Amino acid sequence: MVTTPATGATQRPELTEELRAEREAFYAELPQFGMGALWNVLSNALTKEPRTKSIPHLWKWADVRPRIMRAGELVTAEEAERRVLMLLNPAVPPEKMVAVGTLYAGVQLLLPRETARTHHHTPSATRFIIEGELAYSTVSGERTLMKKGDYVTTPNWTWHDHGNESDQPMLWLDGLDIPLVTELDAVFFEEWSWENGVQLQPISKPPEDATHRWGSNLRPTYQRPDGAYSPVLNYRWDTCRAALHALRDDEASPFDGVIMEYINPHTGGPSLPTMAAYLQLLRAGEHTRAHRHTASTVYHVAEGGGHSIIDGQQFDWQEGDTFVVPSWAWHEHASEGGEAVLFSFSDRPVIEAFGFLREEAHPSIRQS
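The structure displayed is predicted, hence computed values, not measured ones.

**Student:** Any chance you could explain helix α7 (residues 237-246) here in plain terms?
**Tutor:** Spacing of three or four residues puts side chains on the same side of an α-helix, whose turn is 3.6 residues. Taken as a whole, α7 has its buried residues at W237, C240, L244 and H245. Along the long axis of α7, the arc covered by the buried residues comes to 130°, so they all point the same way. Exposed and oriented more than 90 degrees from the buried face of α7 are T239 and A246. Where the residues of α7 are buried, they touch β7 (125-131), β14 (234-235), β15 (258-262), β16 (276-282), β18 (297-303) and β23 (340-346).

And the structure:
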């Protein structure tokens, strides 16, 4: 290096073949010492905007259902621990277990009279019921019966199990923050300590205790809920759908139509600390404006049909389908042939907690 006396500035040396060779030899020896030259990768690390690893994708229920039912013929719930077909993003290595961003998604099946034994883990989980009724989830000693459209929470490290007491298969969409917790090196898993062959936790709370205690716009003044998650176990479809449709005449969001969040009634925040969940109504003929944000989102079509345009690509969907919108991807939604209801969950709480949330409206209103 040469320093200019008048300014003290460092002049760039002439990049001769000899200097180039010396640099390459220097870079080659760094890995053996656990080091690397930041200046060689800085432009890839600090980009002008996100370079997302996930891509938009849609899983058709017509493809998913026959395959999860086939899994039910081949593998028992006991063998599988949880009989789930993962919804894997095509752009991410399968071992990462990513549907989009930091989110995992899968479809779980319980056949009639089956149970899924008690365990707990540090990743949190959501369940949105796709098909069936009279199956149950037991979380921390409280059992709730589930039916189509219900949204059920399983906070991290809570004991939980499932069972199907009906004569029909029970299928639901699982959503977990497994990719996030894995990247943080914070995954723990433990099975219930079985006694005399019993694989299920005991029921220690009255039916619908969480709803009575926390989910009716009332709360006991002598008690506070545990944890940073919602104390409500099951957000009932009938109640939530009715609330959504009651706002059908609102001007609503230009980007999402009538959209409501499942909240923690104690704090007003998201139902789980790492995942927010929503229910939205696209009224007949409604086509939203395009926008983008740094939260990744998994959508499931609860009712109706329509399409979404994600980064310029159109995805046609109908009831039962699941699709994903990656971080910072332009997206807009439209109903077709009537109204549509979408359930979704996203990693927005994590993005917000670290101050990374950005949103932007498309300058041309729509992409097409």
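**Student:** Is there a simple way to think about the side chain of T274 in this case?
**Tutor:** Here T274 is to be found in the loop between β15 and β16. A polar side-chain atom of T274 sits 2.5 Å from a polar atom in the side chain of D177. In this structure T274 touches S124, D177, L180, S346, D347, P349 and V350, once residues within four positions along its chain are discounted.

**Student:** Can you help me understand unusual backbone geometry in this one?
**Tutor:** What you tend to see is this: most non-glycine residues have negative phi, and most peptide bonds are trans. The residue E208 is not glycine, and still its phi comes out positive at about 60°. Turning to its location among the elements, E208 is positioned in the loop between β13 (189-191) and α6 (209-214). Of note in this structure, W328 is not a glycine but carries a positive phi near 60°. Inspection of the secondary structure assignment puts W328 in the loop between β21 (322-325) and β22 (331-335).

**Student:** When you look at the pairing of strand β5 (residues 104-110) in this model, what are you seeing that I'm missing?
**Tutor:** Remark: a regular strand shows side chains that alternate across the two faces of the sheet. β5 sits mainly inside the fold: 7 of its 7 residues count as buried. Across 3 bridges, strand β4 (residues 84-86) lies against β5 in antiparallel orientation. In the sheet register, V84 faces β5, and the bridge partner there is Q108. Note: β5 against strand β12 (residues 170-176), 7 bridges, orientation antiparallel. Paired with L109 across the strands is L171, a residue of β12.

Scoring rules and cut-offs
- Residues numbered from 1 in each chain as written.
- Predicted model: local features only at pLDDT ≥ 70, side-chain atom pairs only at ≥ 80, totals over all residues.
- Heavy atoms only, no water.
- Buried < 20%, exposed > 50% of the residue type's maximum accessible area, 1.4 Å probe, protein only.
- Helix = DSSP H or I, 4+ residues; strand = E, 2+ residues; numbered from the N terminus.
- Arc of directions from axis to C-beta.
- Contact = heavy atoms within 4.5 Å.
- Polar contact = N/O pair within 3.5 Å; in protein donor to acceptor, adjacent residues only side chain to side chain.
- Pairing = 2+ DSSP bridges.

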